[in-house]
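Observations on chain architecture
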Amino acid sequence: VHYVWFAVMMAVVAFAIVWLLFPYVLYYARRRRLYDSPNYRKLQRRPVPLLGGVAVYGGILVPSLIVLIVWQNSSISYMLLAMTILLVLGTMDDLYDLSPLLKLLIEFLVVLAVVYLNGNSIDTLHGLFGIGILPVGWQYAISLLAGVGIINAINLIDGVDGYSSGYTFFAAVLFGTVFALAGMPGMTSISFIVAGAVVPFFLHNVFGRKSKMFMGDGGTLMIGTLISAFLFSILKTGSSCS
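It should be emphasised that the depicted structure is a prediction, and the values quoted were computed from it without experimental measurement. (Residues numbered from 1 in each chain as written. Predicted model: local features only at pLDDT ≥ 70, side-chain atom pairs only at ≥ 80, totals over all residues. Heavy atoms only, no water.)

**Side note on the environment of Val8**
- In this fold, Val8 is placed in helix α1 (residues 2–31).
- Taking the C-alpha atoms as reference points, Val8 and Ile193, separated by 185 residues in sequence, lie 7.7 Å from one another. (Helix = DSSP H or I, 4+ residues; strand = E, 2+ residues; numbered from the N terminus.)

**Section: the environment of Lys212**
- Mapped onto the fold, Lys212 is located in the loop between α7 (185–207) and α8 (216–235).
- The class for Lys212 is buried, based on a relative accessible area of 11%.
- Distance in space between the C-alpha atoms of Lys212 and Ala113 is 34 Å, their sequence separation being 99 residues.
- Not counting chain neighbours up to four residues away, the residues in contact with Lys212 comprise Leu26, Arg46, Val48, Pro49, Asp161, His204, Asn205 and Val206. (Buried < 20%, exposed > 50% of the residue type's maximum accessible area, 1.4 Å probe, protein only. Contact = heavy atoms within 4.5 Å.)

**Digging into the nonpolar core**
- Residues Val56, Ile60, Met79, Met222, Ile223, Ile227 and Phe230 are the most contacted members of the largest nonpolar core, which totals 56 residues.
- Listed by contribution, the elements that provide at least two residues to this core are α1, α2 (52–71), α3 (74–96), α4 (100–118), α5 (136–156), α6 (163–181), α7 and α8.
- Look past the residues within four positions of Phe230 in its chain and what remains in contact with it is Met79, Phe175, Phe179, Met187, Ile190, Ser191 and Val194. (Core = buried A, V, L, I, M, F, W, Y, C linked by side-chain atoms within 4.5 Å.)

Structure below.
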């Protein structure tokens, strides 16, 4: 299918952009002394620079804007806005240690906005426990809990080398494959773009001796937002998101 090749091409563009941006972001993180320092809860033995998510963001944003122009999909624009808000939120937390309650509140509001504006939510359990279509209130409640849960789960696993980026790669490829089979070209492209963008980060994070960097809260909150949006698009009954 032609749009699958387009999605793969956009993934290659995302890879190239992150590969080029990474050294500059790493230099900035070191210059500002933005490190994740070792403690009794963490596995690293030395401080590791943060802000890797900023490079990944650049790799996702540019080809995603091309996809938005090609497919004219408002749902994509809402996702890009949501991921930008949480990138800024997480980066501010990396820089200034924001209140956890403030972060959680903004996460809930962003997920709520994504669900409302896109019209995509977990609206059915597809027969699980004998439950089909959910009442609207339950749709919002379950979607909010799932979305915020995914965002914070990815945030928590960033301290293990390759874990958050490796998980994101496989999840994005899986979602992209399902979107392709469902005939959703826009979402297929965005999924493959996310997969392509995290590969350079994964390589530096796992194999780089002098170039190792963590995503930081900005990157993990951003990725979690996108994965949540993918999930809602998959589980929405009769989703029309292209």
